[in-house]
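Chain residues, written in single-letter form:
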Amino acid sequence: RTFLQTPAIASNFQLDGVVTLCDAKNILRQLASYDTNKSDEVVDEAFQQITYADRIIISKLDLVAAGEAVMVWRKVRAMNADARIVGVIRGI
């Protein structure tokens with residue numbers, strides 16, 4: 001919103017896309033925590049960032065087992081069918 005709502009920024013920049021960084025080690029717990037504690041006052045930033053992203057970087061894949069990495073990818077893909085997803089191991 002800052003880009004679109006601040007005239008000084010909006011006049012000099014154009015929003016071309018949204019990139020979201022998703023932590024493979026913690027994202028499933030983060031999303032599950034929101035699901036169980038859901039209330040009208042709470043905004044789930046992780047959910048919103050994933051669903052609105054054009055590109056999603058899943059980091060820390062080297063810190064999770066292969067099965068968990070697949071679960072993370074499937075969850076992210078289910079939340080956003082159109083975004084390009086890139087996996088990152090050790091920051092590369």
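Here the structure is shown first, and the text comes after it.
Residues numbered from 1 in each chain as written. Predicted model: local features only at pLDDT ≥ 70, side-chain atom pairs only at ≥ 80, totals over all residues. Heavy atoms only, no water.

## Observations concerning the overall build of the protein
Of regular secondary structure, the protein possesses five helices and three strands. Scanning the protein from its N terminus toward the C terminus, one meets helices and strands in the order α-α-β-α-α-β-α-β. Relative to its 92 residues, the protein shows a buried fraction of 24%. At a minimum sequence separation of 6, the contacts of the protein that also span at least 24 residues come to 74%. Total accessible area on the protein stands at roughly 6900 Å², and carbon and sulfur atoms take up 53% of it. (Helix = DSSP H or I, 4+ residues; strand = E, 2+ residues; numbered from the N terminus. Buried < 20%, exposed > 50% of the residue type's maximum accessible area, 1.4 Å probe, protein only. Contact = heavy atoms within 4.5 Å. Areas by Shrake-Rupley, 256 points an atom, 1.4 Å probe, with all protein chains shown as cover.)

## What about the side chain of S59?
Tracing the backbone shows S59 in strand β2 (residues 55-59). Those residues in contact with S59, other than ones at most four positions away along the chain, are L21, C22, D23, A24 and V88.

## Re the nonpolar core
C22, I27, I50, I56, I58 and V76 are the most contacted members of the largest nonpolar core, which has 16 residues in total. Contributing elements (two or more residues each) for this core: α3 (27-36), α4 (45-52), β2 and α5 (66-79). Among the elements that take part in this core, α5 stands out by supplying four residues, more than any other. (Core = buried A, V, L, I, M, F, W, Y, C linked by side-chain atoms within 4.5 Å.)

## A look at the pairing of strand β3 (residues 84-87)
Bridge analysis of β2 against β3 gives four bridges, and the strand direction is parallel. Pairing of I58 across the sheet is with G87, part of β3. Regarding topology, α5 serves as the crossover connection from β2 to the parallel β3, and that connection is right-handed. (Pairing = 2+ DSSP bridges. Right-handed = clockwise from strand over helix to strand, strands pointing away.)

## Some details on the environment of F47
In this structure, F47 sits in helix α4. For F47, a relative accessible area of 38% gives the class partly exposed. Note: C-alpha distance between F47 and V76 (29 residues apart in sequence) is 9.2 Å. With residues up to four places along the chain from it excluded, the contact list for F47 reads L31 and M79.

## Some words on α5
Side chains three or four residues apart in an α-helix point the same way, a direct result of the helix having 3.6 residues per turn. Along its 14 residues, α5 runs 20 Å from first to last C-alpha, staying within 8% of the 20 Å computed at 1.5 Å per residue. Looking only at α5, the buried set comprises A69, V72, V76 and M79. Down the axis of α5, the sector holding all buried residues measures 95 degrees, keeping them to one side. Turned more than 90 degrees away from the buried face of α5 sit A66, R74 and A78, all of them exposed. (Expected span 1.5 Å × (residues − 1). Arc of directions from axis to C-beta.)

## Comments concerning the sheet that holds strand β1 (residues 19-23)
Taking strand neighbours across the sheet as the criterion, the three strands line up as β1-β2-β3 in an open arrangement whose pairing is parallel. Lying at the two open borders of the sheet, with one neighbouring strand each, are β1 and β3. The sheet shows a mean angle of 20 degrees between the axes of neighbouring strands, taken without regard to direction. Sheet contacts for α5: β1, β2 and β3; angle to β2, the most-contacted strand, approximately 160 degrees. (Axes fitted to C-alpha atoms, helices over the stretch in contact; angles between N-to-C directions.)

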